[in-house]
Amino acid sequence: QLISISSQIYSHAETQAKKFGCETDVNWRATIERPDVDVVIVCTPPESHAEICIAAMRAGKYVLCEKPLSKTIQEAELMLQGLGRSQSHGHQYWGL
């Protein structure tokens, strides 16, 4: 069940939410703290991936992040460190 769509541009979230029958929010931090959200899908510009993914993992959410995972190797390493401190699990997909 899709619970909420968060976007900096409310009208974009609202359009998609109407299609899927869910809520909208412009505050992704509030969305990841919701107890009824189990999974966070990060489909944002790459410069925001690390911050959102780490915060979601720390909130105990499963995270699916579009590629590229991050802008730099250092950010990717921070994300993996965040994974190690969370209850989430890391999986890699190697498309052939």
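For clarity, every value in this text was computed on a predicted model and none was experimentally measured.

### Regarding the overall build of the chain
A tally of helices and strands in the chain yields 4 helices and 4 strands. Helices and strands appear in the chain in the N-to-C order β-α-β-α-β-α-β-α. Out of the 96 residues in the chain, the part that is buried amounts to 33%. Residue pairs at least 24 apart in sequence account for 35% of intrachain contacts in the chain once pairs closer than 6 positions are excluded.

### A short note on the nonpolar core
Judged by nonpolar contacts, the single largest core of 14 residues is most densely connected at Ile32, Val40, Val42, Cys53 and Met79. Contributing elements (two or more residues each) for this core: α2 (28–33), β3 (39–42) and α3 (49–58). If we ignore the near neighbours within four places in the chain, the residues touching Val40 are Ile32, Ala56, Lys61, Tyr62, Val63 and Leu64.

### Remarks on the pairing of strand β4 (residues 62–65)
Relative to β4, β3 runs parallel, the two being bridged by 4 bridges. When the bridges of β4 are listed, Val42 appears paired with Cys65. For the crossover from β3 across α3 to β4, the handedness is right-handed.

### Thoughts on the confidence of the model for the chain
Across the chain, the average pLDDT comes to 85, with 84% of residues at or above 70. The secondary structure element of the chain with the lowest average pLDDT is helix α4 (residues 73–84), at 80, and the one with the highest is α2, at 94.

### A look at the environment of Ile32
Structurally, the position occupied by Ile32 is in helix α2. In this structure, the C-alpha to C-alpha distance between Ile32 and Ala56, residues 24 residues apart in sequence, is 5.8 Å.

Procedures and definitions
Residues numbered from 1 in each chain as written. Predicted model: local features only at pLDDT ≥ 70, side-chain atom pairs only at ≥ 80, totals over all residues. Heavy atoms only, no water. Helix = DSSP H or I, 4+ residues; strand = E, 2+ residues; numbered from the N terminus. Buried < 20%, exposed > 50% of the residue type's maximum accessible area, 1.4 Å probe, protein only. Contact = heavy atoms within 4.5 Å. Core = buried A, V, L, I, M, F, W, Y, C linked by side-chain atoms within 4.5 Å. Pairing = 2+ DSSP bridges. Right-handed = clockwise from strand over helix to strand, strands pointing away. pLDDT = per-residue confidence, 0-100.

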